[in-house]
Amino acid sequence: MARLMTKEEKFKQMIETPVNRLIPSLAVPTIISMLVTSVYNMADTFFVSQIGTSASGAVGVIFSAMAMIQAVGFTLGMGSGNNISRALGNQEEERASVFAATAFFTAGIIGVVFLITGMLFSRQMVYLLGATKTIAPYAQDYARYILIAAPFMMCSFVMNNILRAQGSAMLAMVGITTGGVLNMVLDPILIFGFGMGISGAAIATMASQMVSFAILLYQCNSHGDCIKIQITRFRPNLKIYGEILHAGLPSFCRQGLASLAAVVLNFAAGPYGDAAISAMSIVTRFMMFINSSLIGFGQGFQPVCGFNFGARRYDRVLEAYWFCVKVAVVMLTVFGTVAFIFSRPIITAFRREDLQVIEIGTLALRLQLLTMPIQAWVIMVNMLTQSIGYGFRASLVAMGRQGLFLIPSLLVFPRIFGVLGVQIAQPLADVFTFLLATTIVLGVLKELKGLAADR
């Protein structure tokens, strides 16, 4: 078994190892984690889609609630993680441990509140998320167990980001992938083997999230080179929350607006039947799968960026950014091209029996795949600005794709173009977000060049 690095060795690694070796070494475990997470999200959609179109639509409806859970988890996780990276880069270990504990216990408290509220108002919740009368019963069955898992999911997102922020992406990967593999194994067994239907898919997700939580908590507290999560370090005060939210606001904007956009998408697709909701749900999950590889790669960049910015190695921040941009654009262009060619078979695999789902989903998928290269640029701009603490500018970029541009597109274009308006909304939002991100990052890069020249 490989020897674990001391904190001093890890610090040296983060500020001295060439970025073209360091970033991939940190990114590979995260890419695997993200891909496994996306695959088991798609597994839920795939297996539930075999039950029927309305059941498939229910997964899309509850995806909005899961996006809310992710929004809280990522906000606290990324907010604390970015502060932890910069604190460790400045060799302030005690400060880093306060951020870790505060984010973790806050996530648990919010998760319990989310669970109780959701259980009390489950029927109202599914209709609020865009369910039709035929989808609602399936959505309620699915939501029941997802809500139970909410506290564990939120805390897991926090721990995953805390481990990555310290350069321990491999430890984070173990927890995420174990839960993901378990989910994929349990899905067909519970749905079909035990005849539990859509509830079986939700129970599989709940069980896998609990297992991931237990493994991640063990990883955080059992390794000497990691910041431990301790209740004695819990500091629920305005100063700490202010710093976490400042750094995590872009994640909240991105994930929170993703949740709101998913609800608006369900309502926009609703007039065209359960088939339209089901088709857009499938496309959304598949696009998450494609983007997960890039997000995983970018999350290998973030601790490097945070560490070196904290250590005032601005030259390495710039070098790491341009290295990641080149890799990201090539990666998504290749993935997008392959998926474009096989778009129809991909959608057909999910809902073979419903020609309407196939037709709506195929065109929507192809239109979104056309914007893959510019999505790569947008994601890397967002990760750079967030990692170095430029919270407002990072938030603007994060808000663009799912909020500033997508939601208005979904409100306007379906009224003009019908179902085609639903299908073109996301690609148009991507183009406008690209223009916004480019305007913002040019100023940031100029600032970083100035800071590097002054050293």
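### Comments concerning the overall build of the protein chain
Helix and strand counts for the protein chain come out as 17 helices and zero strands. For the protein chain, the spread of C-alpha atoms along the three principal axes comes to 60 × 40 × 40 Å. Contacts in the protein chain between residues far apart in sequence, at least 24 positions, make up 84% of those at least 6 positions apart. Roughly 17300 Å² of accessible area belongs to the protein chain as shown, and the carbon and sulfur atoms make up 70% of that amount. Across the protein chain, the mean location of the 31 positive side-chain charges is 3 Å away from that of the 20 negative side-chain charges.

### Quick notes on the packing of aromatic side chains
Across all of its chains, the model carries 17 aromatic pairs by this definition. Look at Phe286 and Phe289: their rings are 6.1 Å apart centre to centre, the planes differ by 45 degrees, and that puts the pair in the tilted class. Of the two residues, Phe286 and Phe289 both sit in helix H10 (residues 274–310), three residues apart, roughly one turn of that helix. Residue classification places Phe286 among the buried positions, given a relative accessible area of 9%. Ring centres 5.2 Å apart and planes at 70 degrees place the aromatic pair Tyr321 and Trp322 in the edge-to-face group.

### So, the packing of helix H9 (residues 238–269) against H10
Interaxial distance between H9 and H10 falls to 8 Å at its minimum, and their mutual angle equals 145 degrees. Seen along the crossing, H9 lies across H10 with a hand that is right-handed. For the pair H9 and H10, contact is made by Leu265, Asn266 and Ala269 and by Ala276, Ile277, Met280 and Thr284, respectively. Among the residues forming the contact of H9 with H10, the class breakdown is five nonpolar, two polar and no charged.

### Focus on the nonpolar core
One recurring pattern in soluble globular proteins: nonpolar side chains tend to sit buried together. Membership of the largest hydrophobic core comes to 146 residues, with the highest contact counts inside it found for Ile62, Tyr142, Phe301, Tyr321, Leu384, Ile388 and Leu448. Setting aside chain neighbours within four positions, we find Tyr321 in contact with Phe301, Trp377, Met380, Val381, Leu384, Val441 and Leu445.

### Quick notes on a nonpolar patch on the surface
On the surface, Val330, Val334, Phe335, Val338, Ile341 and Phe342 cluster together into a nonpolar patch covering about 550 Å² of accessible area. Mapped onto the elements, Val338 comes out in helix H11 (residues 314–341). Accessibility expressed as a relative area gives 44% for Val338, which makes it partly exposed.

### Points about the environment of Gln302
Residue position: Gln302 is located in helix H10. Once the C-alpha coordinates of Gln302 and Ala107 are considered, the two residues, 195 residues apart in sequence, prove to be 22 Å apart. When residues no more than four places from it in sequence are discounted, the contact partners of Gln302 are Met78, Arg164, Met383, Gln386 and Ser387. At 3.3 Å, the side chain of Gln302 forms a polar contact with the side chain of Ser387.

### Comments concerning helix H16 (residues 406–417)
Its twelve residues give H16 an end-to-end C-alpha distance of 15 Å, which sits within 8% of 16 Å, the value for a rise of 1.5 Å per residue. Taken as a whole, H16 has its buried residues at Leu406, Ile407, Ser409, Leu410 and Pro414. Projected onto a plane normal to the axis of H16, the buried residues spread over an arc of 145 degrees and lie on a single side. Away from its buried face by more than 90 degrees, H16 exposes Arg415 and Ile416. Buried residues belonging to H16 abut H9, helix H15 (391–404) and helix H17 (419–454).

### Details of the side chain of Asn382
Among the secondary structure elements, Asn382 is positioned in helix H14 (residues 372–387). In this structure Asn382 comes out as buried when scored by relative accessible area, which is 5%. Looking at Asn382, its side chain comes within polar contact range of the main-chain oxygen of Ala394, at 2.8 Å. With residues up to four places along the chain from it excluded, the contact list for Asn382 reads Pro250, Arg254, Ala394, Val397 and Ala398.

### Observations concerning the side chain of Ser199
Here Ser199 lies in helix H8 (residues 197–222). Once residues within four sequence positions are removed from consideration, Ser199 is found in contact with Asp141 and Tyr145.

### Quick notes on the packing of H10 against helix H13 (residues 355–369)
In contact at an axis separation of 8 Å, H10 and H13 are set at 35 degrees when each is read in the N-to-C sense. Of the two elements, H10 crosses H13, and the hand of that crossing is right-handed. Contacts between H10 and H13 involve Ala275, Ala276, Ser278, Ala279, Met280, Ile282, Val283, Phe286 and Met287 on the former and, on the latter, Gln356, Val357, Ile360, Gly361, Ala364, Leu365, Gln368 and Leu369.

### Focus on the environment of Val28
The topology assignment puts Val28 in helix H2 (residues 19–49). In sequence terms Val28 and Asn83 are 55 residues apart; their C-alpha atoms lie 23 Å from each other.

### Section: unusual backbone geometry
Despite not being glycine, Arg312 shows a phi value in the positive range, around 65 degrees. The topology assignment puts Arg312 in the loop between H10 and H11. On the basis of relative accessible area, Arg312 is assigned to the partly exposed category, the value being 46%.

### Quick word on the state of the cysteines
In this structure the tally under the stated criterion is zero disulfides. Distance from the sulfur of Cys155, which forms no disulfide, to the nearest cysteine sulfur (Cys220) is 11 Å. According to the relative accessible area criterion, Cys155 is buried, its value standing at 4%. Among the cysteines around Cys324, which has no disulfide bond, Cys305 carries the closest sulfur, lying 8.9 Å off.

Thresholds, definitions, all that
Residues numbered from 1 in each chain as written. Predicted model: local features only at pLDDT ≥ 70, side-chain atom pairs only at ≥ 80, totals over all residues. Heavy atoms only, no water. Helix = DSSP H or I, 4+ residues; strand = E, 2+ residues; numbered from the N terminus. Contact = heavy atoms within 4.5 Å. Areas by Shrake-Rupley, 256 points an atom, 1.4 Å probe, with all protein chains shown as cover. Lys, Arg positive; Asp, Glu negative; His and termini not counted. Charge placed at Lys NZ, Arg CZ, Asp CG, Glu CD. Phe/Tyr/Trp six-rings, centres within 6.5 Å; stacked < 30°, edge-to-face > 60°. Buried < 20%, exposed > 50% of the residue type's maximum accessible area, 1.4 Å probe, protein only. Axes fitted to C-alpha atoms, helices over the stretch in contact; angles between N-to-C directions. Left-handed = near helix turned anticlockwise from the far one by under 90°. Nonpolar A, V, L, I, M, F, W, Y, C, P; charged D, E, K, R; others polar. Core = buried A, V, L, I, M, F, W, Y, C linked by side-chain atoms within 4.5 Å. Patch = residues over 30% accessible without salt bridge, like charges linked within 9 Å, V, L, I, M, F, W, Y side chains within 5 Å. Salt bridge = Lys/Arg side-chain N within 4 Å of Asp/Glu carboxyl O. Polar contact = N/O pair within 3.5 Å; in protein donor to acceptor, adjacent residues only side chain to side chain. Expected span 1.5 Å × (residues − 1). Arc of directions from axis to C-beta. Disulfide = S-S within 2.5 Å.

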